Amino acid sequence: VLVDALSALNSGPSAVRDLETAMTDVMTAFRAGRSTLLSQIFRPRIDRILFAATKADHLHHASHDRLEAILRLLVERAIARAENV
């Protein structure tokens, strides 16, 4: 899942909340978890979801770890909210 975190950060707190809500919606769209032989046939599951920040090349390479930390925080919150839905 490609995430445009930089645009949200530049647009302010409401855009970051909107991004977090969108990521929560994305998380609820997937059926995450391990698959059994039976579930692979009837209800396939996803065991991994990759989130990647777009426009990382707009930042200096020394700031990539900060962008990764922000994305990790947003994803962790989205996962927690999706589990409660």
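For the structure, see preceding data.
These notes cover the structure that comes with them.

**Let's talk about the overall build of the protein chain**
Then comes step 1: For the protein chain, the count of helices and strands is 4 helices and 2 strands.
Then comes step 2: Each helix and strand of the protein chain, placed in order from N terminus to C terminus, yields the pattern β-α-α-α-β-α.
Then comes step 3: Classification of the 85 residues of the protein chain by burial places 24% in the buried group.
Then comes step 4: For the protein chain, long-range pairs separated by at least 24 residues make up 60% of all intrachain contacts whose partners lie at least 6 apart in sequence.
Then comes step 5: Of the accessible surface of the protein chain, which amounts to about 6300 Å², a share of 55% is contributed by carbon and sulfur atoms.

**Thoughts on helix α4 (residues 64-84)**
Then comes step 1: Its 21 residues give α4 an end-to-end C-alpha distance of 30 Å, which sits within 8% of 30 Å, the value for a rise of 1.5 Å per residue.
Then comes step 2: By the burial criterion, the buried members of α4 are L67, L71, L74, V75, A78 and A82. With its buried residues spanning 100° around the axis, α4 presents them on a single face. Away from its buried face, by an angle of more than 90 degrees, α4 presents the exposed residues R66, E83 and N84.
Then comes step 3: Where α4 is buried, its residues meet β1 (2-3), α1 (5-11), α2 (13-29) and β2 (52-53).

**Topic: unusual backbone geometry**
Then comes step 1: A positive phi angle, close to 60°, is found at K55, a residue other than glycine.
Then comes step 2: Position of K55 relative to the elements: it lies in the loop between β2 and α4.
Then comes step 3: Judged by its relative accessible area of 35%, K55 falls in the partly exposed class.

Procedures and definitions
Residues numbered from 1 in each chain as written. Predicted model: local features only at pLDDT ≥ 70, side-chain atom pairs only at ≥ 80, totals over all residues. Heavy atoms only, no water. Helix = DSSP H or I, 4+ residues; strand = E, 2+ residues; numbered from the N terminus. Buried < 20%, exposed > 50% of the residue type's maximum accessible area, 1.4 Å probe, protein only. Contact = heavy atoms within 4.5 Å. Areas by Shrake-Rupley, 256 points an atom, 1.4 Å probe, with all protein chains shown as cover. Expected span 1.5 Å × (residues − 1). Arc of directions from axis to C-beta.

Distances and angles like these do not, on their own, reveal function.
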